[in-house]
Amino acid sequence: MSTKEKVREKNREKEAVSFNNEIVVYNDDVNTFDHVIDTLMRVCSHTAEQAEQCSLIVHYNGKCTVKTGPIDKLKPQCTQLLEAGLSAEII
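This is a predicted model, so every value here is computed, not measured. (Residues numbered from 1 in each chain as written. Predicted model: local features only at pLDDT ≥ 70, side-chain atom pairs only at ≥ 80, totals over all residues. Heavy atoms only, no water.)

Draft legend 1. Quick peek at the overall build of the protein chain. When you go through the protein chain residue by residue, the secondary structure sums to four helices and three strands. What you see in the protein chain, going N to C, is helices and strands ordered as α-β-α-α-β-α-β. The contacts of the protein chain with a sequence gap of at least 6 include a subset with a gap of at least 24, amounting to 69%. Of the roughly 6200 Å² of accessible surface on the protein chain, a fraction of 51% belongs to carbon and sulfur atoms. (Helix = DSSP H or I, 4+ residues; strand = E, 2+ residues; numbered from the N terminus. Contact = heavy atoms within 4.5 Å. Areas by Shrake-Rupley, 256 points an atom, 1.4 Å probe, with all protein chains shown as cover.)

See the structure below:
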């Protein structure tokens, strides 16, 4: 393997590791569909359709991954979801 190939491989590994994080939102008996949808649109930049689909998945499956990406971008979004009263965590 050439030096160029080794460098490319290392870069691919870094990219793969940095995007393995996801925000998961959990179902609760407190928040309305409208509140969840509005919050996902505001915090995660979801379209109305994406936010509605996520809220239905959360309702019927108990949880849904709503965002993936590097940890430094997910932390503030997860904090905003928690401040809005949603049950969420980064995994």
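On we go from here.
Draft legend 2. Fine view of the packing of helix 2 (residues 33-44) against helix 3 (residues 48-61). Taken N-terminus to C-terminus, the directions of helix 2 and helix 3 make an angle of 130°; their axes are 8 Å apart at the nearest point. Judged by the inter-axis angle, helix 2 sits oblique to helix 3. Helix 3 is crossed by helix 2, and the crossing has right-handed handedness. Here Phe33, Val36, Ile37, Leu40 and Met41 of helix 2 come into contact with helix 3, specifically with Ala48, Ala51, Glu52, Cys54, Ser55, Leu56 and His59. Among the residues making up the contact of helix 2 with helix 3, the classes are represented as nine nonpolar, two polar and one charged. (Axes fitted to C-alpha atoms, helices over the stretch in contact; angles between N-to-C directions. Parallel < 35°, antiparallel > 145°, perpendicular 65-115°, else oblique. Left-handed = near helix turned anticlockwise from the far one by under 90°. Nonpolar A, V, L, I, M, F, W, Y, C, P; charged D, E, K, R; others polar.)

Draft legend 3. Structural detail: the side chain of Asn21. Locating Asn21 in the fold gives a position in strand 1 (residues 21-26). Contact partners of Asn21, with chain neighbours within four places excluded, come to Lys67, Thr68, Gly69, Pro70, Ile71, Leu74, Ile90 and Ile91.

Draft legend 4. Representation of helix 2 in the model. For helix 2, with twelve residues, the first-to-last C-alpha span of 16 Å sits near the 16 Å given by 1.5 Å per residue. Residues of helix 2 that are buried include every one of Val36, Ile37, Thr39, Leu40, Val43 and Cys44, and no others. The buried residues of helix 2 occupy an angular sector of 165° when the element is viewed end-on, so they sit on one face. Away from its buried face by more than 90 degrees, helix 2 exposes Asp34 and Arg42. (Expected span 1.5 Å × (residues − 1). Buried < 20%, exposed > 50% of the residue type's maximum accessible area, 1.4 Å probe, protein only. Arc of directions from axis to C-beta.)

Draft legend 5. Spatial organisation of the packing of helix 2 against helix 4 (residues 71-83). Following both chains from N to C, one finds helix 2 and helix 4 inclined at 155°, their axes separated by 10 Å at the closest point. Between helix 2 and helix 4, the angle is such that the two are roughly antiparallel. For the pair helix 2 and helix 4, the crossing hand works out as right-handed. Seen from helix 2, the contacting residues are Thr39, Leu40, Arg42, Val43 and Cys44; seen from helix 4, they are Gln77, Gln80 and Leu81. Residue classes in the contact of helix 2 with helix 4 are distributed as four nonpolar, three polar and one charged.

Draft legend 6. Layout of the nonpolar core. By size, the foremost hydrophobic cluster in this structure holds 17 residues, and its most contacted members are Ile23, Val25, Leu40, Cys44, Val66, Leu81 and Ala88. When contributions to this core are tallied by element, the ones reaching two or more residues are strand 1, helix 2, helix 3, strand 2 (63-69) and helix 4. Of the residues forming this core, the biggest block, five residues, is contributed by helix 2. Excluding residues within four positions of it along the chain, Ile23 makes contact with Cys64, Thr65, Val66, Lys67, Leu74, Gln77, Cys78, Leu81, Ala88, Glu89 and Ile90. (Core = buried A, V, L, I, M, F, W, Y, C linked by side-chain atoms within 4.5 Å.)

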